Every structure is written in C-alpha cells, then in structure tokens.
Amino acid sequence: MQTTNPKAPAGKHFGFRLAVYGAALLLAAIMAVEAVNIAFYDPWGDDYFLFRMQGVLANVDMSALTWIMFGSLFVLLMAGLPLAFVAGGLGVVFLYLVGDSAMLNMVPSRVFPMMTNPDLAAIPLFIFMATMLERAGLIEEMFDAVYQWMGGLRGGLAVATILASTILAAMVGVVGAAIVTMGIIALPAMLKRHYDEQIALGSIMAGGALGVLIPPSILAILYAVVAQQSVGELYAGSVLPGLMLAGLYVAYVLIRSLLNPAVGPAVPVEERLSLGAKLILLRGLIAPILLVVIVLGLLFTGVATPVEAAGLGSFGAMIVALIHGRLTLDGLFGASLATAKATVMVLWIIFGASIFVGLYILKGGQSFITDSLLGTGLSPYGILFLMMFLLVVLGMFLDWVGILLLAVPIFVPIVKSLAFDGLFGMPGPTPDQVLVWFGVLYLVNMQMSFLSPPFGYALFYIRGVAPATISMATIFKSSLVFLAIQVLALMLVVVFPALATWLPGVLYGS
C-alpha cells in the first residue's frame, strides 16, 4: 500500500520552478528595457525608457562595491554555476552598472591581449603531452616498476605511489589526470595489502597534487602570464620545493609504517621480483623519463622557449607511444579531444575572470586592497601570511584557475612594494627574487586548495575511483595530515627563500 503523498514533492518542485521562471522573466524584462535604452536613447542624456540601470553603482564607494561584486560572485558559484561564465557575465553586468554602454569596450581590450599571448600556447601542448602518455599506458608501467622496487619496504606501496606521482608530475603537469590514474592503479593494490585507508588515500591525493608545483605545471604557466614573469625562472624555482615536499610525504609514510607496521605492510617475500626482473622493468621508463629530461633541460638552459619545449614534448610523447606500440588513430583523436576540452575550459575562465578583475582594478580595487592590507599595521611577513590565509580560504570554494585570475593581479603589486628582510635571522629574498619566491609560495598554497575540505578537487577526484565502502568522511580525514605537511613546506619556503631562488639564480643569474 502506498503510504507517501506523491503530490508533495511535485508541489515543492513546482514552487522552485516558479521561482526560477519568475527570476528569469524579471531578468529578461530588465534586459529588454535596457536594450531599448541602448538602441534608442542617448546614454549620456537624461531621457530613458521606463527605467535605466546604467551607472546605478557609479557613485558607490569601493568598500561597498567590493562586497557587492565578490559577494554576487560567491553566491552564484555556490549555486553551482560555472566560474568561466559567472565571472565573465558578472564582469559585463558590472561594467554597465558602474559605467555605461561605452565601458563594454573594455571586454575586447582585456580579452584580445590574452588571446595573442604566445606563452598560453604552451598549455594545450603540455596537456596533449600528458594525455598522450596517459593513453599510451605508460603510467601503469611506471607504477609497476616503482611498486616492484619499493614494495619490500614497510609502507613501500604508498612510497611507490608518491614517487610515481612525482615522476608523473614531471611528465604531465595535470593534477586531475594524475590523481584519477593513480587512484585506479595504486589504490586497489594498497587496499588489497590491507594498508590503512587514510595513508592510501592521502598518498594518492598529495602525490597527485605535486603536478601543481613540479614542472611542467600548467598553473605555473598561467601564473607567469598573469604576473608577467619568466616561466623558466618559475619552473626552476619550483623544482626544489616540489622535491622537498615529495620527500616529506615519503618520510611521513615511512615513519608511520615503522612505528605501526599494520598501517603499511610490506609485500610478501614470495611476491617480490629478483633484481634482474626489476632491472628489466626499468627499460619501459627510459623513453618517457628521457623525454621529460630533454623537455625540461631545453627549457631550463634557455635553448627553447616554453612553447617550443611543449611542442617538442607533444611530438616526443607520440614517438614514445610509437616505440611502445601504442600510437593509434583512436588514441590520437581521444588525446586531441581531451586536450581541446581542457584548454577551452581554462581559456574561458581566463577571459571571464580577466574582465571581472580588470573592472575591479579600473575602479580602484587595487588601491583599496593595498591600503586595506597596509592599514592593518602588519609587517610585510604579516601581510604575506594574511595573503596565504586568504588563498587557503579561496581554495576551499574556488578552482585554481579562478583563484589565480582573481587574486594574483591584486596580490603581486602589493608583494612587489614590500621589503622582506628575513625571519629568525635568515636572509630574505632580494627585490629581484621576490616575484619568483612569491610565485613558488603561491604554487605550494594551491596544492593545499586541492586537498582542502569541503570542496578540494582532489577529494572528489579520488571519490570517483574509490570503492563505495570508503566514506567521504574518511577521504576528508585522509587529507588533513598531508595538508599539515604542505603547511610545513610552505613555512620552510617562507623562512628559507633560497629553496625557491637558488636554482633560478644559478640558471638565469637572477
């Protein structure tokens, strides 16, 4: 017998749909009136049709405008709308509300320079390189080799996952692909060996997030474009912090497994390969690792630009796939389609956010934020920590491209105006090193955003491939220790700037 009332949910849905339709009709009516005003009335005159929204926020002070702009952005993003269209759409709306129809000319003036920036061409090329290597099945071979070499240690499978993710980060620079792939390959192997779920999940998420920091990071290219900085210097500056962070992850897993062998048991002796068999496994890694060394070597030595190095990497990835007998038309088509989708997503976010932030800066937002931060009375390091905290908070709710376009254009000029003399008696970065140092700090911070509950991307990437028996609460808990390690790494780079500035100084003399 039916005990529930089927009409109750329908009534709720009807009320929701009615509210949505009402809001849509109201918006359509406003747009229709404004279209008439733009088409038939002088925008600088006093006459208008029914009402005019043009310039209604022109005299609003900067503090209120900041709350209105970023508050509306936050509300729409929390409603589940995509950042690319929300930021661009709000940018166009606020252009009209704070100015007039002539201010809409700012849209092409902000978008076209981005479209013609040559460094952005490296993004689809590096994404294609990553996708090609993934579809060629080389990642599975790499993990199998590292797994066989490290499996005899307590916690060896988690260590192998972190090391494989580090190598993978140097191959692909795309976080999502690394976490999903390692989740499919490494997670079942660790769970089969009765590894602690939190160590298994955390090592995959933290290792996959290294793609944000270790070259050829896609985010580093975008940061360099926005901050008008050398991509090569930023890549060089992120190498040592990336390796240090991987080392901290490995140390944590080994120490935990040493203190409690049950959280990371070693592979049984009968399942381990001989030294000769292990050496044979390494043959499959020669070509992809050689490709990475060549690409990054040409980039760091200045022989090739980022775009040229990315182009060579894309071609090399196809050659590596051919050597392994896995270069097919279906694979090329799939890699090209995945590259196009990822690139379009990134570029739309860049265009939309550049309009939104460009308007905010044009209206004096840069001066307002600068005066607000300097007015706190904090020291330069206090202001830096406040920026890092704001980035962490943003990382809980926004994706990394959105944070980059919203925060970096505002933060970089402030950082350039500050003098960092060092902490605890250690020397600070010199003025010509500050941008590289802050860029590396930003990249380390963005790794934290991937693991930060409640909306860190890595948490949902691993949820998609983890068994249904693993709860979301377990996934959240598994990220916390590795988040603490990332905070430690961030503090080390703050206190010891040479971690980020030494290698660029050696390679580029800066």
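Owing to the predicted nature of the structure, the values given are computational and were not obtained by experimental measurement.

Thresholds, definitions, all that
Residues numbered from 1 in each chain as written. Predicted model: local features only at pLDDT ≥ 70, side-chain atom pairs only at ≥ 80, totals over all residues. Heavy atoms only, no water. Phe/Tyr/Trp six-rings, centres within 6.5 Å; stacked < 30°, edge-to-face > 60°. Helix = DSSP H or I, 4+ residues; strand = E, 2+ residues; numbered from the N terminus. Buried < 20%, exposed > 50% of the residue type's maximum accessible area, 1.4 Å probe, protein only. Expected span 1.5 Å × (residues − 1). Arc of directions from axis to C-beta. Contact = heavy atoms within 4.5 Å.

**Student:** What's the story with the packing of aromatic side chains in this structure? I'm lost.
**Tutor:** The geometry of an aromatic ring pair is captured by the separation of the ring centres together with the interplanar angle, meaning the angle of the planes. On inspection of all chains with the given rule, the structure shows 7 aromatic pairs. Between Tyr223 and Tyr442, the ring centres sit 5.4 Å apart and the planes meet at 25°, which makes this aromatic pair stacked. One end of the pair, Tyr223, is in helix α10 (residues 218–227); the other, Tyr442, is in helix α19 (residues 434–451), and 219 residues separate them in sequence. By relative accessible area, which is 1% here, Tyr442 ends up buried. Ring centres 5.0 Å apart and planes at 70° place the aromatic pair Phe420 and Trp437 in the edge-to-face group. Here Trp437 lies in helix α19 and Phe420 lies in the loop between α18 (400–416) and α19, a separation of 17 residues in the sequence. For Trp437, a relative accessible area of 0% translates into the label buried. Among the aromatic residues, those joined into a cluster by ring pairs are Tyr249, Tyr252 and Phe482.

**Student:** Could you clarify how one ought to interpret helix α2 (residues 62–78) in this entry?
**Tutor:** Structural remark: α-helix, 3.6 residues per turn; residues separated by three or four positions point the same way. The terminal C-alpha atoms of α2, which comprises 17 residues, lie 24 Å apart, in line with the 24 Å expected from a rise of 1.5 Å per residue. Along α2, the residues that are buried comprise Met62, Leu65, Thr66, Met69, Leu73 and Leu77. The arc that holds every buried residue of α2, seen down its axis, measures 110°, which confines them to one face. Residues of α2 that are exposed and point over 90 degrees away from its buried face: Trp67 and Val75. Against α3 (83–98), α15 (329–362), α16 (365–374) and α18 lie the buried residues of α2.

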